[in-house]
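Residue strings, one per chain:
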Amino acid sequence: MLPSYKNIFSRLTISSYGLLFTFLMPFLYGIEDSYSMYHLHNPLLLKISLAILGIGLWLHKNDRWTIPAIALVCVGIFDVSYPMTHNISAFLFFLSSSYIIFTDERISRLGYYSLLIYPLLLIPQQGLFWFEFFQTIIISIYHILYAIKILKLKIIRKSNE
């Protein structure tokens, strides 16, 4: 059974917010060493944004996105004041998201792009920022494309009824 139109549009909205968030934070506060450092500028905005995005992942009603959803919410809850929990949660979020996207045969090209970005982690100073920037774009685009595919399928099924 396909999700409701409300669910599909919620996914599109939250995924689009993921893109907006990716560009908005560096625009407002400049480029930092990582997105976690935006906690120093506006902790409430960062926490709310990560909670919204984590809940958005949960909306998929797909068990594969449970770990990334929980990990992303934990990244927001356990900010840079809790470095071990924060870093493990961020690592789990990005790695599990990359794995899910890479193994999804419907949108496999994005999985390869995701893997190609991992060497950015080897760049000192702002390599982590650029890794997070591009990964967040890929993850958001993946969810937007996925929601559009579901929407098209729902429209086709409805027109065939």
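What counts as what
Residues numbered from 1 in each chain as written. Predicted model: local features only at pLDDT ≥ 70, side-chain atom pairs only at ≥ 80, totals over all residues. Heavy atoms only, no water. Helix = DSSP H or I, 4+ residues; strand = E, 2+ residues; numbered from the N terminus. Rg over C-alpha atoms; globule rule 2.2 N^0.38 Å. Buried < 20%, exposed > 50% of the residue type's maximum accessible area, 1.4 Å probe, protein only. Salt bridge = Lys/Arg side-chain N within 4 Å of Asp/Glu carboxyl O. pLDDT = per-residue confidence, 0-100. Expected span 1.5 Å × (residues − 1). Contact = heavy atoms within 4.5 Å. Patch = residues over 30% accessible without salt bridge, like charges linked within 9 Å, V, L, I, M, F, W, Y side chains within 5 Å. Areas by Shrake-Rupley, 256 points an atom, 1.4 Å probe, with all protein chains shown as cover. Lys, Arg positive; Asp, Glu negative; His and termini not counted. Phe/Tyr/Trp six-rings, centres within 6.5 Å; stacked < 30°, edge-to-face > 60°. Lys NZ or Arg CZ within 6 Å of the ring centre and 35° of its normal.

**Digging into the overall build of the protein**
The helix and strand tally for the protein stands at six helices and zero strands. In the protein, the succession of α and β elements from N to C terminus is α-α-α-α-α-α. The C-alpha radius of gyration of the protein comes to 16 Å, within 12% of the 15 Å expected for a compact globule of 161 residues. Referenced to the eigenvectors of the C-alpha coordinate spread, the extents of the protein come out at roughly 55 × 30 × 30 Å. Taken across its 161 residues, the protein has 44% of its residues classed as buried.

**Side note on the pattern of salt bridges**
A side chain with one charge can pair with a side chain of the opposite charge if their charged atoms come near. One pass over the full model with this rule turns up two salt bridges. The residue K47 makes a salt bridge to D79 at a minimum N-O spacing of 3.4 Å. Taken together, the residues K47 in helix α2 (residues 43-58) and D79 in the loop between α3 (66-77) and α4 (83-103) connect sequence positions 32 residues apart. A salt bridge links D104 to R106, with the nearest nitrogen and oxygen atoms 2.8 Å apart. D104 gets classed as buried once you look at its relative accessible area, which sits at 3%.

**Regarding the confidence of the model for the protein**
The predicted model of the protein has a mean per-residue pLDDT of 92, with 100% of residues at 70 or higher. In the model of the protein, helix α5 (residues 108-117) stands out as the element of lowest mean pLDDT, 90, in contrast to α4, which has the highest, 96.

**Some remarks on α4**
The terminal C-alpha atoms of α4 lie 30 Å apart, and with 21 residues this matches the ideal 30 Å at 1.5 Å per residue to within 8%. Of all the residues in α4, the buried ones are H86, S89, A90, F93, F94, S96, S97, S98, I100 and I101. Buried residues belonging to α4 abut α2, α3, α5 and α6 (127-160).

**Points about a nonpolar patch on the surface**
Taken together, the side chains of I67, M84, I88, F91, L92 and L95 make up a nonpolar region of the molecular surface, amounting to roughly 620 Å² of accessible area. No other element matches α4, which puts five residues into the nonpolar patch. Its place among the elements puts I88 in helix α4.

**A look at the side chain of S140**
Tracing the sequence through the fold places S140 in helix α6. For S140, a relative accessible area of 6% corresponds to the buried category. Beyond its immediate sequence surroundings of up to four residues, S140 is in contact with S15, G18 and L19.

**Things to note about the side chain of R11**
Considering the arrangement of structural elements, one finds R11 in helix α1 (residues 5-29). The buried charged residue R11 lacks any salt bridge partner; its closest oppositely charged side chain belongs to D104, at an N-O distance of 10.0 Å. Those residues in contact with R11 that lie beyond four places of it in its chain are P3, L59, H60, Y146, A147 and I150.

**Structural notes on the packing of aromatic side chains**
All told, the structure shown has 17 aromatic pairs when counted by the stated rule. Relative to Y38, the ring of Y35 lies with its centre 5.4 Å away and its plane at 65°, an arrangement referred to as edge-to-face. Y38 matches Y35 in its accessibility class, with the two residues each being buried. A connected cluster of aromatic rings, assembled from ring pairs, spans F21, F23, Y29, Y35, Y38, F129, W130, F133 and F134. Taking NZ or CZ as reference, K154 lies 5.0 Å from the ring centre of Y5, over its face.

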